[in-house]
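So the chains spell out like this:
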Protein chains: 2
Amino acid sequence: MISPSPDRLGLLTDLYELTMAAAYFESGKSQDVATFELSVRTLPPQRSFLLSAGLEQAVEYFQNFSFQADEIDFLRKHSAFEGASPAFFEFLAQLRFTGTLWAVPEGTVVFAEEPLLRVTAPIVEAQIAETYLLAMLTYQTTVATKTARIVQAAAGRGVVEFGTRRAHGPQAGLLAARASYIGGCMGTSNTLAGFELGIPIYGTTAHSWTMSFEDEEESFRRFAEIYGPKTVLLIDTYDPAEGVRKALHLGLPFRGVRLDSGDFLENSRQVRKILDEGGRPDAQILASSDLNEYAIQTLVENNAPIDLFGVGTELVTSRDAPALSGVYKLTEIESGGRVRYTAKFSESKISYPGKKQVYRFSGPEGEYTRDVLGLASEDFPEAEGLLTPVLENGKRLSPPPLLEKIRERAAKNLSRLPENFRRLEDSDTFPVEKSASLQNLLEEVRSRYTLLPTGAGSKEKSS
Amino acid sequence: MISPSPDRLGLLTDLYELTMAAAYFESGKSQDVATFELSVRTLPPQRSFLLSAGLEQAVEYFQNFSFQADEIDFLRKHSAFEGASPAFFEFLAQLRFTGTLWAVPEGTVVFAEEPLLRVTAPIVEAQIAETYLLAMLTYQTTVATKTARIVQAAAGRGVVEFGTRRAHGPQAGLLAARASYIGGCMGTSNTLAGFELGIPIYGTTAHSWTMSFEDEEESFRRFAEIYGPKTVLLIDTYDPAEGVRKALHLGLPFRGVRLDSGDFLENSRQVRKILDEGGRPDAQILASSDLNEYAIQTLVENNAPIDLFGVGTELVTSRDAPALSGVYKLTEIESGGRVRYTAKFSESKISYPGKKQVYRFSGPEGEYTRDVLGLASEDFPEAEGLLTPVLENGKRLSPPPLLEKIRERAAKNLSRLPENFRRLEDSDTFPVEKSASLQNLLEEVRSRYTLLPTGAGSKEKSS
């Protein structure tokens, strides 16, 4: 098929995960049980919350993860693995995921430093997964979050995801279709997302359809004859006002028209007027072209007569914040029955030790009030623990949730986040505290590294 | 495998491509031969040139493109296709790419409005390909271009691509590894890119390796014992100065150290000094963490003693310009032996008619001086035509070029672009003129649309 193909899961990882795997093995540590947590270090300045997405693909990764013979052969012959013994490659050939996965369900509102998932497994299994998990979770979370903002700005008008062509490759287009559906889009233009995931698919016509006819009106007539009242006509190939007049002149049913260029406020008003005067107050207007949450907000505030927004580039690339600082950190390790908590103290990249849980507190109306990031062993009876078990001994604990249910959870979660914490700009920061136990554990771990008595040490040196 | 999977090529397209396909078929136009061209409408403000990449995957798409029975079944039952006849679905089942593809070779410097590829084929075959081609070409071109800027900033020091974890999904990570190698990276951390594409792969260790040991020095010792003089030690888990002292204290061979946080200028100087005083002036320093062309340029200008840069997020997401305005436009259509040239006049989205060629002129030293965007039928004997034939009757005309050769072409192309046209900031605009014949053809097409006598027409209405 198309090369390079992303379906060789064992090798779809950074080389150092595999050289470390060999080193763990050669050091007799391959049966140490490690816990890693995936979180976003800080939110981009343009974001006040995240909407989690991508867990289902992470679960599929764990369930399908293995090394094929030709892949192991490649590693065996690669100079990077000269230090590894033949036994390591036999170990790799048998390697499957046998561990435990806890995760925040998809469609959950989360914040910086809160684990989206927690993997507890023999260290090699948990280590190798880092690269794939980060790419899958952070991208879908990026898109679901951006979608939530766009859908919020649309204030009840429909938003359709039109972005595959501008996504970072074809798979990104598919993943964006999924994540944007979770985030609140009514559907996607991506046909394969309809086939594989059951997401509603939508489409109109392109300029090429119109241009393939000598006469624009003829192009409209042919399409409306074939597709009847489902037809949405693209009217701006030459001039939108003339385009909509031609559509009305046909005397054929059509559902609506699409504007793909120009000043949407001005043009939508003009087109609406022509449609209304032409006896089609029911005909919808769809606008698409470089839309984002800010542009949509302005159009909505100005009562632009637009019924549907088609959003592509800005949504699938999350253009203003195309990456999240996703990290996957070792938080504890169990070796020979003894647990050791781990943290790192690199400048502005501290990680917190121990298996954690996100404790979410709500007010009387169900509104989210604050989170406590604490140890999994703590107990906050009034709070909901966001992380729940998904895999045990490598096996799913329950069937995958329906995408529709995930989408409903997302809408519900967003509605429970008070408006002041999800404004498009100048939003308040949702309060996330670290529990006293977590803080104490960090200091305990820190005290083990006597060469660096306080976190200020390295900062002073480099300031 | 992991769902959604991007390997069902027929459906990996926008729904409207397929509803238009049905409408072309039902309108008796399916044997009309269309020419579409893919180009970038305008360069992002942060870019003064593009480095083309992704063609090989476009070719593979055309060679593998087809619809499977279950996919056709999905379409047949979908309400969007109620207007299509049974004959259309039989037609789809037989559909293969039988057309002609001309393209700019990968690793070529190109500018706005210049076609990266030109497809001439029965209109359905050419139309459906739009979505996939745009996603594949524009993403790889985005990354190759960003890489060229980063490598230029590094001024001869090595750059390794470390970004899969921050890419827009796993496939984007692989595509980024490929495109960044074309753009001048010395290799990637992505193991699968090594396996599938033969790209050199690199890795060091992660903080988790160090943290999995009680003692940092012990973690260094174990790694160096296994990997010997290839070892690159990550020294900033707790404190970089202490880290490098521990590395020296081992008395074991290691190749270098990695810094992944903090002030790189300050820290690299300190670490260099410690290494030199410790008798290891040959040990290399690798820096990674949120690097881009601007940060690298500053480090290089300040003579930071950094030998290698690991670049991830900024490169694979092209963070400052994560999308290109890629378009795929119908430029002519042949029906019943008669050719008609097509253009669109949407506000600020004009497209130019006719099969085009990019004519590149060079000076006496081989330096690029200007381009003329003209009709393919024109003749500029002193210029090089950038578009060359790749597929004819759906068949490859020559074997795929080696990735190494593409990478060499990229380096050569970049060296021929005078420095003033590729400055990181405030670059001059490379001169691209439209030929008189092309301009005349546009006006001829425009004159057919008498309702809109000049391009100014629709602009006035919306201003």
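Residues numbered from 1 in each chain as written. Chains lettered and ligands numbered in written order. Predicted model: local features only at pLDDT ≥ 70, side-chain atom pairs only at ≥ 80, totals over all residues.

Colleague: Would you take a moment to explain helix α15 (residues 403-416) of chain A for this structure?
Modeller: Each full turn of the α-helix corresponds to 3.6 residues, which orients residues three or four apart in the same direction. Residue and element names in this part refer to chain A. A rise of 1.5 Å per residue sets the reference length of α15, with its 14 residues, at 20 Å; its end C-alpha atoms lie 20 Å apart and thus fit the reference within 8%. Within α15 the residues assigned to the buried category are Ile406, Ala410 and Asn413. The arc enclosing the buried residues of α15, seen along the axis, measures out at 70°, which places them on a common side. Buried-residue contacts for α15 involve β2 (50-51), β4 (109-110), α6 (130-154) and α7 (170-183). (Helix = DSSP H or I, 4+ residues; strand = E, 2+ residues; numbered from the N terminus. Expected span 1.5 Å × (residues − 1). Buried ≥ 20, exposed ≤ 12 C-beta atoms within 10 Å, placed from the backbone. Arc of directions from axis to C-beta. Contact = placed C-beta atoms within 7 Å.)

Colleague: Would you take a moment to explain the relation of the copies chain B and chain A for this structure?
Modeller: Related by rotation about an axis and a shift along that axis, the two copies of the chain form a pair. In the superposition of chain B on chain A (RMSD 0.0 Å, axial shift 0.0 Å), the rotation amounts to 180°. Here the two chains are linked by the operation of a two-fold rotation axis. Both copies present the same face, since 100% of the interface residues in chain B are matched by interface residues at the equivalent positions in chain A. (Least-squares fit on C-alpha atoms with pLDDT ≥ 70 in both.)

Colleague: Explain the domain arrangement of chain A here, please?
Modeller: By a widely used convention, the size of an interface equals the accessible area lost when the partners come together. Residues and elements named next belong to chain A. Looking at chain A, the domain boundaries give domain 1 (15-141 + 324-403 + 450-462) and domain 2 (143-316). Look at where the C-alpha atoms of domain 1 and domain 2 centre, and you get two points 40 Å apart. Domain 1 puts 11 residues into the contact, and the matching count from domain 2 is 13 residues. Contributing elements (two or more residues each) for the side of domain 1 that touches domain 2: β2 and α6. When residues in the side of domain 1 that touches domain 2 are grouped by element, the largest group, three residues, is from α6. Among the residues making up the side of domain 1 that touches domain 2, the classes are represented as five nonpolar, four polar and two charged. (Domains from an automatic or database assignment. Nonpolar A, V, L, I, M, F, W, Y, C, P; charged D, E, K, R; others polar.)

Colleague: Looking at this structure, I do not really get the sheet that holds strand β9 (residues 256-259) of chain A. What am I missing?
Modeller: The strands making up a sheet are joined through hydrogen bonds of the backbone, oriented either antiparallel or parallel. All names here are of chain A. Within the open sheet, the six strands sit side by side as β7-β6-β11-β10-β9-β8. Their pairing is parallel. Two strands in the sheet have a free side with no partner beyond their single neighbour: β7 (187-188) and β8 (232-234). In this structure, strand β6 (residues 158-161) lies alongside strand β11 (residues 308-311), joined through four bridges in parallel fashion. Counted as the bridge partner of Glu161 is Val311 from β11. (Pairing = 2+ DSSP bridges.)

Colleague: Got a minute to help me understand the interface of chain B and chain A in this structure?
Modeller: Taken together, the contact pairs 114 residues of chain B with 114 residues of chain A. Its residues assigned to classes, the side of chain B that touches chain A shows 48 nonpolar, 39 polar and 27 charged.

Colleague: I would appreciate a short explanation of the confidence of the model for chain A in the present structure.
Modeller: Regions with low pLDDT should not have their predicted coordinates read in detail. Residues and elements named next belong to chain A. This prediction gives chain A a mean pLDDT of 94; 96% of its residues lie at or above 70. This model gives residues 450-463 a pLDDT under 50, and the stretch forms 21 contacts once residues within four places in sequence are excluded. Note on the complex model: pTM 0.96, ipTM 0.95. (pLDDT = per-residue confidence, 0-100.)

Colleague: What am I meant to see in the environment of Asp428 of chain B here?
Modeller: Residue and element names in this part refer to chain B. Structurally, Asp428 can be placed in the loop between α15 (403-416) and β19 (432-434). On the basis of neighbour count, Asp428 is assigned to the exposed category, with 12 C-beta atoms found within 10 Å. Separated by 45 residues in the primary sequence, Asp428 and Ala383 place their C-alpha atoms 21 Å from one another. Those residues in contact with Asp428, other than ones at most four positions away along the chain, are Asn420 and Phe421.

Colleague: Can you help me understand the sheet that holds strand β11 (residues 308-311) of chain B in this one?
Modeller: Reading across from one edge, β7-β6-β11-β10-β9-β8 (chain B) is the order of the six strands in this open sheet, with parallel pairing throughout. The sheet is open, and its two edges are formed by β7 (187-188) and β8 (232-234) of chain B, each paired on a single side.

Colleague: Help me understand the environment of Arg396 of chain B, please; the structure alone is not making it clear to me.
Modeller: With respect to the helices and strands, the residue Arg396 of chain B is situated in strand β18 (residues 395-396). The spacing of Arg396 of chain B and Thr42 of chain B is 354 residues in sequence and 30 Å in space, taken between C-alpha atoms.

Colleague: Whenever I open this one, the packing of helix α2 (residues 55-64) of chain B against helix α6 (residues 130-154) of chain B confuses me. Can you help?
Modeller: For any two helices packed against each other, one specifies the crossing angle of their axes together with the interaxial distance. All names here are of chain B. Between α2 and α6, the least distance of the axes is 8 Å, while the angle of their chain directions is 160°. By the criterion of interaxial angle, the relationship of α2 to α6 is roughly antiparallel. Judged by the sense of rotation from one axis to the other, the crossing of α2 with α6 is right-handed. When α2 is examined against α6, the residues Gln57, Ala58 and Tyr61 are found in contact with a partner set consisting of Tyr132, Leu133, Met136 and Leu137. Here the residues of the contact of α2 with α6 are counted per class, giving six nonpolar, one polar and no charged. (Axes fitted to C-alpha atoms, helices over the stretch in contact; angles between N-to-C directions. Parallel < 35°, antiparallel > 145°, perpendicular 65-115°, else oblique. Left-handed = near helix turned anticlockwise from the far one by under 90°.)

Colleague: What is the right way to read the pairing of strand β5 (residues 117-122) of chain A from this model?
Modeller: Within a regular strand, the side chains alternate between the two sheet faces. All names here are of chain A. Counting buried residues along β5, five of its six residues qualify, which places the element largely inside the surrounding structure. Across six bridges, strand β1 (residues 33-40) lies against β5 in antiparallel orientation. Counterpart to Glu37 in the pairing with β5 is Arg118. Inspection of the sheet shows strand β3 (residues 100-103) paired to β5 by four bridges, in the antiparallel sense.

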